[in-house]
Amino acid sequence: MDKLKKIDVFLFDMDGTINMGEEPLEGAMETLRILTEKGKRVGFVTNNSSKGKKEYLQKIRRMGYDAKIEQIITSGMATAQYLSRHLPYKSVYVLGTDCLKQEFKDYGIEVKEIGEDADCVVLAFDTELTYEKLFHATNLIGKGRIYIATHPDFVCPSEEGDMPDAGACMALIEKTNGRMPDVIVGKPYQPMAEFVFDHYSVNPEDVAFVGDRLYTDIQFGINNKMTSILVLTGETTLEMLHKSDVHPDYVLESVNELRKI
Ligand SMILES: [Mg+2]
């Protein structure tokens, strides 16, 4: 754990890492406070692009940690920055929530509606999905428009069971017209890491990523040269870890073990 003492920025996944749905995991908020008091910078990085940063801010505050807006990073924010940097002046059709569309508009991105052509299609976690939206998106993608996904997760955990997430929609689109995204922004991919390093003005060796999912959180750390810390409070069991090719730098029972550093 000695190496962790030197880490400046601790980034946390949310569901399964510090909370489960609306409830904080036991001791997690106190751990965040302790790390903050020790002078560590703490941030929250979620692939869930269905909600905006203000909603996450309120949620974390409700759970008992006095977060600031700069501590919240979503794949939607990273996608908006990616679009404005790499595809400026391109219009976008968003298979996503109104909240995400607003996030894009705030970045000055031209957002198109059903029935309108667009230069790019962005696939997000669309909890307001309709067949008309889906059909318009698959149609534009089938015509060869640039295709970007906010993140690759197959499911989003919820109290009622796993919800089909952007990765599941990706499979549906692939079955429809044979295409996979040209770019995926969120964890474990590089565009999200670039956003994070810019946002904190930090180098990867000074960052630890803490999460419960191997193929997104831990792979994100590994791909982008951050220290990776797996917690066993969410999706991954020890059995899954032993069978996996993804090897975190540290494996902790819960985030509360970070109080020791
Ligand atoms: Mg998680």
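Note that the structure is predicted; figures quoted are calculated from it, not measured. (Residues numbered from 1 in each chain as written. Predicted model: local features only at pLDDT ≥ 70, side-chain atom pairs only at ≥ 80, totals over all residues. Heavy atoms only, no water.)

1. Some details on the packing of aromatic side chains
Here the distance between the centres and the angle between the planes together describe a pair of aromatic rings.
Next, step 1: This model, assessed by the stated rule, comprises 4 aromatic pairs.
Next, step 2: Relative to Phe-44, the ring of Phe-12 lies with its centre 6.5 Å away and its plane at 35°, an arrangement referred to as tilted. In this pair, Phe-12 is assigned in strand E1 (residues 9-12) and Phe-44 in strand E4 (residues 41-46), connecting sequence segments 32 residues apart.
Next, step 3: Residue Phe-12 is classed as buried on the basis of its relative accessible area, which comes to 0%.
Next, step 4: Judged by its relative accessible area of 0%, Phe-44 falls in the buried class.
Next, step 5: Ring centres of Phe-154 and Tyr-215 lie 5.6 Å apart, and the angle between their planes is 35°; on these two criteria the pair is classed as tilted. Placement of the pair is Phe-154 in the loop between strand E9 (146-149) and strand E10 (155-156) and Tyr-215 in helix H9 (residues 214-223), with a sequence separation of 61 residues.
Next, step 6: A relative accessible area of 31% places Tyr-215 in the partly exposed class.
Next, step 7: Clustering of aromatic rings is evident, with ring pairs tying together Phe-12, Phe-44 and Tyr-65. (Phe/Tyr/Trp six-rings, centres within 6.5 Å; stacked < 30°, edge-to-face > 60°. Helix = DSSP H or I, 4+ residues; strand = E, 2+ residues; numbered from the N terminus. Buried < 20%, exposed > 50% of the residue type's maximum accessible area, 1.4 Å probe, protein only.)

2. Comments concerning the pattern of salt bridges
Next, step 1: Scanning the model with the defined rule gives 19 salt bridges in all.
Next, step 2: One salt bridge in this structure joins Lys-101 and Asp-98, with 3.7 Å as the shortest N-O distance. Residue Lys-101 and its partner Asp-98 are both found in helix H5 (residues 98-106); the two are separated by 3 residues, about one turn of the helix.
Next, step 3: When salt bridges with common partners are traced through the structure, they connect Asp-13, Lys-187 and Asp-217 into a single cluster. (Salt bridge = Lys/Arg side-chain N within 4 Å of Asp/Glu carboxyl O.)

3. Details of the domain arrangement of the chain
It is common to report an interface's size as the accessible area lost on association of the parts.
Next, step 1: Entries for the chain in the domain assignment read domain 1 (2-47 + 187-260) and domain 2 (88-184).
Next, step 2: On a C-alpha basis, the centres of domain 1 and domain 2 stand 27 Å from each other.
Next, step 3: Each partner contributes residues to the interface: domain 1 has 13 residues there, and domain 2 has 10 residues.
Next, step 4: Taken together, the two surfaces of domain 1 and domain 2 that pack against each other cover about 830 Å², and 53% of this comes from carbon and sulfur.
Next, step 5: Applying the counting criterion to the domain 1 and domain 2 interface returns 1 salt bridge.
Next, step 6: Between Asp-153 and Arg-213 there is a salt bridge, with its nearest N and O atoms 2.6 Å apart.
Next, step 7: For the side of domain 1 that touches domain 2, the secondary-structure elements that each account for two or more residues are helix H8 (190-200) and H9.
Next, step 8: Of the residues assigned to the side of domain 1 that touches domain 2, the class counts are 6 nonpolar, 3 polar and 4 charged. (Domains from an automatic or database assignment. Contact = heavy atoms within 4.5 Å. Buried area = accessible area lost by both parts, 1.4 Å probe. Nonpolar A, V, L, I, M, F, W, Y, C, P; charged D, E, K, R; others polar.)

4. Points about H8
Next, step 1: When we look at burial in H8, the residues that qualify are Pro-191, Met-192, Ala-193, Phe-195, Val-196, Phe-197 and Tyr-200.
Next, step 2: Of the residues one or two after H8, Ser-201 is the one with positive phi, at around 45°.

5. A few points about the coordination of the magnesium ion
Next, step 1: Each protein donor to the magnesium ion is listed here as Asp-13 (OD), Asp-15 (O) and Asp-212 (OD); together their distances run 2.1 to 2.2 Å.
Next, step 2: Site description for the magnesium ion: donor spacing in sequence, D-x1-D-x196-D. Here the residue Asp-13 occupies a position in the loop between E1 and strand E2 (19-20), and Asp-212 occupies one in the loop between strand E13 (207-211) and H9, the gap between them amounting to 199 residues. As far as the burial class goes, Asp-13 and Asp-212 line up, both buried. (Donors = N, O, S within 2.8 Å, 3.2 Å for Na, K, Ca; no water.)

6. Focus on the pairing of strand E14 (residues 227-231)
Next, step 1: With 5 of its 5 residues buried, E14 lies for the most part within the structure.
Next, step 2: Every second residue of E14 is oriented toward a common face, with Thr-227, Ile-229 and Val-231 on one face and Ser-228 and Leu-230 on the other, all of them buried.
Next, step 3: Note: E13 against E14, 4 bridges, orientation parallel. Note that in E14 the partner of Gly-211 across the bridge is Leu-230.
Next, step 4: In terms of handedness, the path from E13 via H9 over to E14 forms a crossover that is right-handed.
Next, step 5: Pairing between E14 and strand E15 (residues 250-252): 3 bridges, direction parallel. When the bridges of E15 are listed, Leu-230 appears paired with Val-251.
Next, step 6: As a crossover connection, the stretch from E14 through helix H10 (residues 238-243) into E15 is right-handed. (Pairing = 2+ DSSP bridges. Right-handed = clockwise from strand over helix to strand, strands pointing away.)

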